[in-house]
Amino acid sequence: MSVAATPKRNWTVRTREAGVAALPPEKLLPEGQPTYVDSWIYIFGVATLSALIVIIGSGMILTLKGPAWWHDTGIGHFFNSIHLWAVELFFFTMVVHLWGKYWMAAWRGGRAKVWMTGAITFLIAVPAALTGYVSQQNFDAQWISTQAKDAMNSLGVGAFFNVTNFGQMYSWHILLFPVAVVALVSAHVLLVRRHGVVPPFELSERDTVSRASDASPPPTPPAGGISAGDSVAGGAPGGAPPGGAPNPSDPLGRQGAGS
Amino acid sequence: MTRFTDKTSAWKGPYAPYDLVKELCIALGVITLLAVVLTVLFSSPDDKPSTIASWSTAMPADFVGTAVSELDGTSGTAEYGPPYNNAAEGQHAAFLKPQEWLGVSHPIDTPNAYVFEPLQTIPNDPAVKNAVATYKAAPVKQQKEWSEAYAKALEKATVQPNGTLKVPPGEYGPVPVIMGALLGLAQTGGLEGNLLRSSQFFQTDYTKPLLLMADGKLLEERAEADHLLGDQWGMMNETGSYPGQSWLWLYTFWYQVEPFKESENADILVVLVMTVLSLAFILIPFIPGIRSIPRWIPVHRLIWREHYRASGVG
């Protein structure tokens, strides 16, 4: 199909062009990683993502049969147990992932948004889990809801977020919080792909090039400068060499794509 | 000693082949397998909920004592304040009074909600109707004397074979008739259904029955047995020996120490502390000192040891 003349103000075209410019396919799904991505700690990011997928999958199965199913049948209890353990694995892997990224100072080189989306995901996951706990329809839910109400009420939040209202909590748990978590995780992963995995603290200049232009340009250091390693902005995203020049060190012959 | 000259600029070093999609698929398989293995080995807890019927049957004196406190306005719910009533201002921290500011959004008038309205559903019982009328017509001071005397007498109450309570004789006015009827209604499950009643046929709001049960001792006793109380780090625990919301450990921690432990405003103070800490957590990249710790304590030398070794600087 041919389109005669696409107006320059076509929103769809502009959105597509902006998307591709920010995250070209070879950067979104690269076939190589910098050689420093070589530690068991890197497993925990993808493990967290996997646990989230298992949570959503088991949650969807539980949703298909309704909130009381898991109390009444063995198969329902089985899937509820998977849901529970996936949540435990999710938080465990996410906490290890966060600690790992902290010790890497993974916000360096213009990656502050990567850290922030990860941190907010953790914070949003907490009430996402809480609403699950108070939706269990068992003694645990009774106790947790009657205790949690005091913290909510003390902040005034209880006026519109009533943890003793099963219907409201169940809705938050199966729709609003999952949407928020998935959106945040999606943004986090896309930001990682855009900026690449943070490089190691360099002990010499040998493997680095000077700061290149970035979508978030580095601030001009004040007199006295920013302490090396403290910068939160700047650096070429995704490890791409300036100007997209071929990366001579890349065994795949790519233009410094991805991470 | 090697001096840091990190500028976190673009990586110009070598790349190695990597298959992200394959990695995700393998990780998904491993995590799924782990979840299944944990499920097969440990299942998950599902302690049956308490009901008002089971509570009033197992602990009739506690149920009636709680009901009396709802009647005379001395229960936890009756004296709570917003969002249930205006009996108190609620918690505050300095000039911050969000509980008061947001007001009463889920009104619960405990004498009516928990006693009078449920009793109206009992048909053809003139004795109960007369007792309620007598109580309502009495001066507040008289009402209080009756309910206080009856609450005190409940300490010596004995449970009869039919599940009713027998208290020593005294000046209780119409309170024994009212409470006897309410106990019977509760033991048959009628009170539970009544408290769930709304203007709609379908309902999902358990606020009223849960608050009534929380005013009694049953939930607390069960929680204590399962180490779920606040001073048992209960918010991060789970029934039985299962891991609970362990990610709430820091939130729970504050409740174990002063000045939060004994404060009447513990909840808002702890939440405010956690709010500040959460903001700091998000903003770590911008906080001088905190963001530099990873450079000062070289855990990264362990993480990237292969890189540093290959670079000849490890």
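Residues numbered from 1 in each chain as written. Chains lettered and ligands numbered in written order. Predicted model: local features only at pLDDT ≥ 70, side-chain atom pairs only at ≥ 80, totals over all residues.

Asker: Tell me about the overall build of chain A, residues and numbers included.
Answerer: For chain A, the helix and strand inventory stands at eight helices and one strand. When the helices and strands of chain A are read in sequence order from the N terminus, they spell out α-α-β-α-α-α-α-α-α. With 259 residues in all, chain A has 51% of them scored as buried. Counting only contacts in chain A whose residues sit at least 6 apart along the sequence, the fraction spanning at least 24 positions is 66%. (Helix = DSSP H or I, 4+ residues; strand = E, 2+ residues; numbered from the N terminus. Buried ≥ 20, exposed ≤ 12 C-beta atoms within 10 Å, placed from the backbone. Contact = placed C-beta atoms within 7 Å.)

Asker: I'd like to hear about the overall build of chain B, residue by residue, with values.
Answerer: If you tally the helices and strands in chain B, you get 16 helices and three strands. At 29 Å, chain B has a C-alpha radius of gyration far larger than the 20 Å of a compact globule built from 314 residues. Principal-axis analysis of the C-alpha atoms places the extent of chain B at approximately 95 × 50 × 40 Å. (Rg over C-alpha atoms; globule rule 2.2 N^0.38 Å.)

Asker: Quick rundown of the environment of Ala141 of chain A? Include the residues and the values.
Answerer: Residue and element names in this part refer to chain A. With respect to the element layout, Ala141 can be found in helix H7 (residues 139-154). We classify Ala141 as buried; it has 22 C-beta atoms within 10 Å. For the pair Ala141 and Val163, spaced 22 residues apart in sequence, the C-alpha to C-alpha distance is 9.5 Å. In this structure Ala141 touches Tyr133, Val134, Ser135 and Gln136, once residues within four positions along its chain are discounted.

Asker: Tell me about the interface of chain A and chain B, and name the residues and values.
Answerer: Each partner contributes residues to the interface: chain A has 97 residues there, and chain B has 84 residues. Contributing elements (two or more residues each) for the side of chain A that touches chain B: strand E1 (32-34), helix H3 (43-65), helix H5 (74-103), helix H6 (112-133), H7 and helix H8 (166-195) of chain A. Considering every element that reaches the side of chain A that touches chain B, the biggest residue donor is H5 of chain A, with 13 residues. As judged from the three bridges shared by E1 of chain A and strand E1 (residues 15-17) of chain B, these two strands associate in the antiparallel manner. Residue pairing in the sheet places Gln33 of chain A in a bridge with Ala16 of chain B of E1 of chain B. (Pairing = 2+ DSSP bridges.)

Asker: A description of H8 of chain A should follow, citing residues and the corresponding values.
Answerer: All names here are of chain A. Compared with the 44 Å implied by 1.5 Å per residue over 30 residues, the 42 Å span of H8 between its first and last C-alpha is a close match. Along H8, the sharpest kink reaches roughly 40 degrees, centred on Trp172. Just downstream of H8, Gly196 is the residue with a positive phi angle, here 80 degrees. (Expected span 1.5 Å × (residues − 1). Bend = angle between axes of the 7 residues up to and from the residue.)

Asker: Can you tell me about unusual backbone geometry, naming the residues and giving the values?
Answerer: Residue and element names in this part refer to chain B. Cis peptide bonds are those with omega within 30 degrees of zero, and the linkage from Pro82 to Pro83 qualifies with 10 degrees. Turning to its location among the elements, Pro83 is positioned in the loop between helix H3 (60-71) and helix H4 (98-102). Pro259 follows Glu258 through a cis peptide bond whose omega is 5 degrees. By secondary structure assignment, the location of Pro259 is in the loop between helix H12 (249-254) and helix H13 (266-282). Phi angles above zero are rare outside glycine, and His227 is one such case at about 45 degrees. Turning to its location among the elements, His227 is positioned in the loop between helix H11 (218-225) and H12. Judged by C-beta crowding, with 15 C-beta atoms within 10 Å, His227 ranks as partly exposed.

Asker: Any chance you could break down H13 of chain B for me, citing the residues and the numbers?
Answerer: Along an α-helix, residues three or four positions apart point the same way, because every turn accommodates 3.6 residues. With 17 residues, H13 of chain B should cover 24 Å at 1.5 Å per step; its first-to-last C-alpha distance of 24 Å lies within 8% of that length. On the buried face of H13 of chain B, the contacting elements are H7 of chain A together with H12 of chain B.

Interpretation note: all reported values are geometric properties and have no functional meaning in isolation.
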